[in-house]
Amino acid sequence: DGEGWISGLESSHCERLIIPSEIDGKKIKKIGDTAFFGNLDVKEVIIEDGIEVLGAYCFSKVDNLESITL
């Protein structure tokens, strides 16, 4: 339907995470439930305009997270 969502990371070794509003022509509207649960490498998250839903526990137990920019 032209829309997608983020379900997690391909690589767990990522300190700076940018959540794009579009991937391969699909608009990204949601970060899925538990998408980054327990990832200890992520320290910074940047969420681009267009993301409308943060799934339940998507950043839970991301213990080294220092900042989120919306």
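Cut-off values and rules
Within every chain, residues take consecutive numbers counted from 1 along the sequence as written. Only residues with pLDDT of at least 70 get local features here, since the model is predicted, and only at 80 or more are side-chain atom pairs given and counted; chain-wide, interface and lining totals rely on the full set of residues. Working from all heavy atoms in the structure, the side-chain values ignore hydrogens and water. Two strands pair under a simple rule: DSSP has to find at least two bridges between them. A run of DSSP states H or I qualifies as a helix once it reaches four residues; a run of E qualifies as a strand once it reaches two. Both are numbered from the N-terminal end. Relative accessibility under 20% of the residue-type maximum defines a buried residue, over 50% an exposed one, and the middle range a partly exposed one, all with a 1.4 Å probe and only protein chains included. Any two residues whose heavy atoms approach within 4.5 Å are treated as being in contact. Angles shown run from 0 to 180 degrees and are taken between the N-to-C directions of axes, each axis being a line fitted to C-alpha atoms and, for helices, limited to the stretch in contact.

A.B. asks: Give a detailed account of the pairing of strand S5 (residues 44-47), specifying residues and quantitative values.
C.D. replies: Examined bridge by bridge, strand S2 (residues 16-19) and S5 share four bridges and lie parallel to one another. Residue pairing across strands places leucine 17 opposite valine 45, the latter belonging to S5. Strand direction decides the pairing type here: S5 and strand S7 (residues 67-69), joined by three bridges, are parallel. In the sheet register, glutamate 44 faces S7, and the bridge partner there is serine 67.

A.B. asks: Tell me about the environment of leucine 65, and name the residues and values.
C.D. replies: For leucine 65, the position within the fold is in the loop between strand S6 (53-54) and S7. Note on leucine 65: relative accessible area 24%, which makes it partly exposed. Sequence separation of leucine 65 and valine 42 is 23 residues, and the distance between their C-alpha atoms is 5.8 Å. When sequence neighbours within four positions are dropped, the list of residues in contact with leucine 65 reads Val42, Lys43, Glu44, Val45 and Phe59.

A.B. asks: An account of the sheet that holds S5 is needed here, citing residue identities and associated values.
C.D. replies: With respect to topology, three strands assemble into an open sheet ordered S2-S5-S7, the strand pairing being parallel. Edge positions in the sheet fall to S2 and S7, since each of these pairs with one other strand and no more. If you compare each strand with its neighbour and ignore which way they point, the axes differ by 10 degrees on average.

A.B. asks: Which residues make up unusual backbone geometry, and what values go with them?
C.D. replies: A positive phi angle is found at threonine 34, which is not glycine, with a value near 55 degrees. Look at threonine 34 and you get partly exposed, because its relative accessible area is 42%. Although it is not a glycine, lysine 61 adopts a positive phi angle of roughly 65 degrees. In this structure, lysine 61 sits in the loop between S6 and S7.

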